[in-house]
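Residues per chain are reported as follows:
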Amino acid sequence: MGLKDLRKDMLIGAAVSPFFLKDEKYAAIARNEFSSLTCENEMKPQHTLDREKTLLCGTKNRASLRFDAAQTALSFAKENGLKVRAHTLVWHNQTPRWFFAEDWSDQADAPLVKPELMLERLENYIRDEMDYINTAYPSLVYAWDVYNEFIEPDNDHPKGFRLRKNLWYELFGEEAPLYAFGFARKYAFPGQKLFYNDYNEYEQPKRGFILDLLSPLIAKGLVDGMGMQSHMLIDYPRMDAYRSAINDYASAGLSLHVTELDIRSLDDSEGSRRALADRYGEIFETIVGSGKIESVTFWGLGDAQSWLSKPDAPAYPLLFDREARPKEAYYAVCEALKK
Ligand code: GLA
């Protein structure tokens with residue numbers, strides 16, 4: 001009996017890395033507690049785009065892909081009956097610059113290709129990835145994060161678009177998500193849902209910018225869901241803001257997944273463990289109470305794996321401690337899931 005068994009109406013997942021999955025302690029957690037897996041990094045373009053093979057192929061418009069990094073997690077999911085959230089096809093970050101460059105050059109100042117050619121590269125990339133994954137692992141992926149983090153209100157753009165260090169925006173402007181979702185819809189297998197994914201998704205004005213971005217895509221039937229990353233603090237956001245964001249996205253006709261849940265907590269005292277448990281309790285009461293969230297993913301199997309932990313500053317944001325033992329927060333989540 002694990003988290004995944006406490007509700008029939010929700011998948012419960014975790015982001016995994018091959019290093020932790022190869023450790024039996026963590027493999028047991030993944031197997032017993034979760035019904036959904038996300039590759040923490042291994043399905044990002046940084047890992048799936050293969051420059052060497054691309055150069056050997058000699059085409060201008062089709063990058064070669066590789067999935068060796070993702071294989072540990074995908075095979076684990078298949079063998080143990082878990083489903084997969086595929087994360088992420090298009091993102092300004094963790095995507096090599098050569099994918100956008102003339103002759104696939106990896107020089108920092110190489111000229112970018114023209115938008116027409118990039119559009120062909122984008123279509124080939126999305127089709128090849130979906131075809132490979134859906135053929136090698138039939139029925140494994142239930143959701144694709146098609147576009148990650150296109151909105152960044154700090155950039156002062158009137159529609160909140162992310163302008164800096166964003167080659168997708170540089171080449172396609174505001175059409176970038178439209179193209180990505182168009183191709184993803186064309187090549188997704190039946191039953192797979194297509195998601196836009198972002199952080200601080202509960203804040204204003206960001207929430208409004210995201211809804212403005214998505215509403216024409218919803219009208220065209222190109223996007224199915226909103227991925228609420230939900231990297232939270234112990235006292236932020238307030239649950240009324242989170243609840244109202246859930247309602248806003250759901251009212252727009254979007255399916256909802258919580259995709260990257262964690263709570264920044266930088267000490268492991270008894271008091272902090274208690275506060276973390278209370279916080280997880282209220283978040284899950286909100287999630288369950290909304291009746292609108294189909295899938296919840298924690299961003300890591302345990303504190304030892306968290307991106308928030310730095311070598312000189314460990315963090316304690318998840319349900320399992322550094323020895324992979326369940327914390328008070330784990331039991332708080334169980335209680336809320338049973339309601
Ligand atoms: C973003 C990305 C994730 C991950 C986290 C932090 O939220 O979507 O893939 O990189 O940042 O690690």
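Please refer to the structure placed before this passage.
This report concerns the structure included in the present document. (Residues numbered from 1 in each chain as written. Predicted model: local features only at pLDDT ≥ 70, side-chain atom pairs only at ≥ 80, totals over all residues. Heavy atoms only, no water.)

1. Focus on the overall build of the chain
Here comes step 1: Summing up its helical and strand segments, the chain has 12 helices and 11 strands in all.
Here comes step 2: Considering only C-alpha atoms, the chain reaches an extent of 55 × 45 × 40 Å along its principal axes.
Here comes step 3: The buried share among the 339 residues of the chain stands at 58%.
Here comes step 4: Here the contacts in the chain between residues at least 6 apart in sequence split such that 74% fall between residues at least 24 apart.
Here comes step 5: Just so you have it, the chain exposes about 14200 Å², and 51% of that area is on carbon and sulfur atoms. (Helix = DSSP H or I, 4+ residues; strand = E, 2+ residues; numbered from the N terminus. Buried < 20%, exposed > 50% of the residue type's maximum accessible area, 1.4 Å probe, protein only. Contact = heavy atoms within 4.5 Å. Areas by Shrake-Rupley, 256 points an atom, 1.4 Å probe, with all protein chains shown as cover.)

2. What about the packing of aromatic side chains?
Here comes step 1: Under the counting rule described, the total for this entry stands at 22 aromatic pairs.
Here comes step 2: Ring geometry for F20 and Y26: centres 5.0 Å apart, planes at 90°, overall edge-to-face.
Here comes step 3: With a relative accessible area of 2%, Y26 lands in the buried category.
Here comes step 4: Its guanidinium or amino end placed over the ring of F195, R85 lies 5.0 Å from that ring's centre, counting from NZ or CZ.
Here comes step 5: Lying over the aromatic face of Y199, K206 brings its terminal NZ or CZ to 3.7 Å of the ring centre. (Phe/Tyr/Trp six-rings, centres within 6.5 Å; stacked < 30°, edge-to-face > 60°. Lys NZ or Arg CZ within 6 Å of the ring centre and 35° of its normal.)

3. Observations regarding the pairing of strand β2 (residues 36–39)
Here comes step 1: In β2, alternate side chains face the same way, and those of S36 and T38 on one face and L37 and C39 on the other are all buried.
Here comes step 2: Inspection of the sheet shows strand β1 (residues 11–16) paired to β2 by 4 bridges, in the parallel sense. Note that in β2 the partner of V16 across the bridge is C39.
Here comes step 3: Two elements, β2 and strand β5 (residues 83–91), share 3 bridges in a ladder whose sense is parallel. Bridging from a neighbouring strand, L37 pairs with V84 of β5. (Pairing = 2+ DSSP bridges.)

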